[in-house]
Amino acid sequence: QVTLVDSGGGLVQAGGSLRLSCAASGGTFSTYRMGWFRQAPGKEREFVAAFGWNSNTYYADSVKGRFTISRDNAKNTVYLQMNSLKPDDTAVYYCAADNNRYSRTYRSRWTYTYWGQGTQVTVSS
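Quick summary incoming for the structure in this document. (Residues numbered from 1 in each chain as written. Predicted model: local features only at pLDDT ≥ 70, side-chain atom pairs only at ≥ 80, totals over all residues. Heavy atoms only, no water.)

So, the overall build of the chain
As a reminder, the rule being used: By definition, any uninterrupted DSSP run of H or I lasting at least four residues is a helix, any uninterrupted run of E lasting at least two residues is a strand, and each is numbered from the N terminus. Only C-alpha atoms enter the radius of gyration; for comparison, a globular chain is expected to reach 2.2 Å times N to the power 0.38, where N is the number of residues. Here a residue-residue contact requires only that any non-hydrogen atoms of the pair lie within 4.5 Å. Per-residue and other accessible areas follow the Shrake-Rupley method at a 1.4 Å probe size, with only the shown protein chains counted as cover for residues. By the counting scheme adopted, Arg and Lys are positive, Glu and Asp are negative, and His together with the chain ends is not counted. Working definition for charges: the position is that of NZ of Lys, CZ of Arg, CG of Asp or CD of Glu.
In terms of regular secondary structure, the chain is built from zero helices and eleven strands. Seen in sequence order, the chain has helices and strands lined up from the N terminus as β-β-β-β-β-β-β-β-β-β-β. Scaling as 2.2 N^0.38, a compact globule of 125 residues should have a C-alpha radius of gyration of about 14 Å, and the chain matches this with 14 Å. Over its C-alpha atoms, taken along the principal directions, the chain stretches across nearly 40 × 25 × 25 Å. Counting only contacts in the chain whose residues sit at least 6 apart along the sequence, the fraction spanning at least 24 positions is 62%. Carbon and sulfur atoms make up 46% of the accessible area of the chain, which amounts to about 6400 Å² in all. If you average the places of the 14 positive and of the 8 negative side-chain charges in the chain, the two averages end up 5 Å apart.

Details of the state of the cysteines
Stated precisely, the cut-off is as follows: Defined by distance alone, a disulfide is two cysteine sulfur atoms within 2.5 Å. Exposure is judged per residue with a 1.4 Å probe applied to protein chains only, and the accessible area is read against the type maximum: over 50% gives exposed, under 20% gives buried, and values in between give partly exposed.
A complete count under the given rule lists one disulfide for this structure. With its sulfur 1.9 Å from that of its partner, Cys22 forms a disulfide with Cys95. Torsion about the S-S bond of the Cys22 and Cys95 cystine: about 45 degrees, corresponding to right-handed handedness. Note that Cys22 is positioned in strand E3 (residues 18-25) and Cys95 in strand E9 (residues 91-98), a separation of 73 residues in sequence. You'll find Cys22 and Cys95 in the same group, each marked buried.

Topic: the pairing of strand E4 (residues 33-39)
The side chains of a regular strand alternate between both faces of the sheet. Applied cut-off: By definition, two strands form a pair when at least two bridges between them are found by DSSP.
Most of E4 is tucked away: six of the seven residues are buried. Across seven bridges, the pairing between E4 and E9 is antiparallel. Bridge pairing links Met34 to Ala97 in E9. One ladder, built from four bridges, connects E4 with strand E5 (residues 46-51); its direction is antiparallel. For Gly35, the partnering residue across the bridge sits in E5 and is Ala50. In sequence, E4 turns back onto E5 through a hairpin of six residues, with Gly42 there showing a positive phi of about 80 degrees.

Considering the side chain of Arg45
Formally: We count a salt bridge whenever a side-chain nitrogen from Lys or Arg sits within 4 Å of a carboxyl oxygen from Asp or Glu. Any pair of N or O atoms that falls within 3.5 Å is considered a polar contact. Within protein, one atom must be able to donate a hydrogen and the other to accept it, and sequence-neighbouring residues count only if both atoms are side-chain atoms.
Mapped onto the elements of the fold, Arg45 is located in the loop between E4 and E5. Despite being buried, Arg45 has no salt bridge partner; Asp6 is the closest side chain of opposite charge, sitting 7.9 Å away. Only 3.3 Å separates the side chain of Arg45 from the side chain of Gln39, close enough to count as a polar contact. Setting aside its immediate chain neighbours within four residues, Arg45 contacts Phe37, Arg38, Gln39, Tyr94, Arg109 and Trp115.

Structure below.
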């Protein structure tokens, strides 16, 4: 079982950048497929970015070209680099881990078993 700790959120002006981190412990990090989701007040938790089991990367249309997911297996950490931030990006961001090698619905929150506690990102206009 893996434990995930999200960090790196904060307040930033529109057009700015943030890098979120998600540190994993208690499991073999390299065997987990990782993703990022976000949840704004009053809205459902939505997909942001993820790795596939083939190591390809997948992004929501709303963040494509602005956000980049990456991972460092030596540090047991996954990152979300967020550039050109917009007020609509304001949300709590969660990292998530999936250890089902047969899963293919990378954009579905139900595919992921383990979740971080979330980190708040606020983008001011």
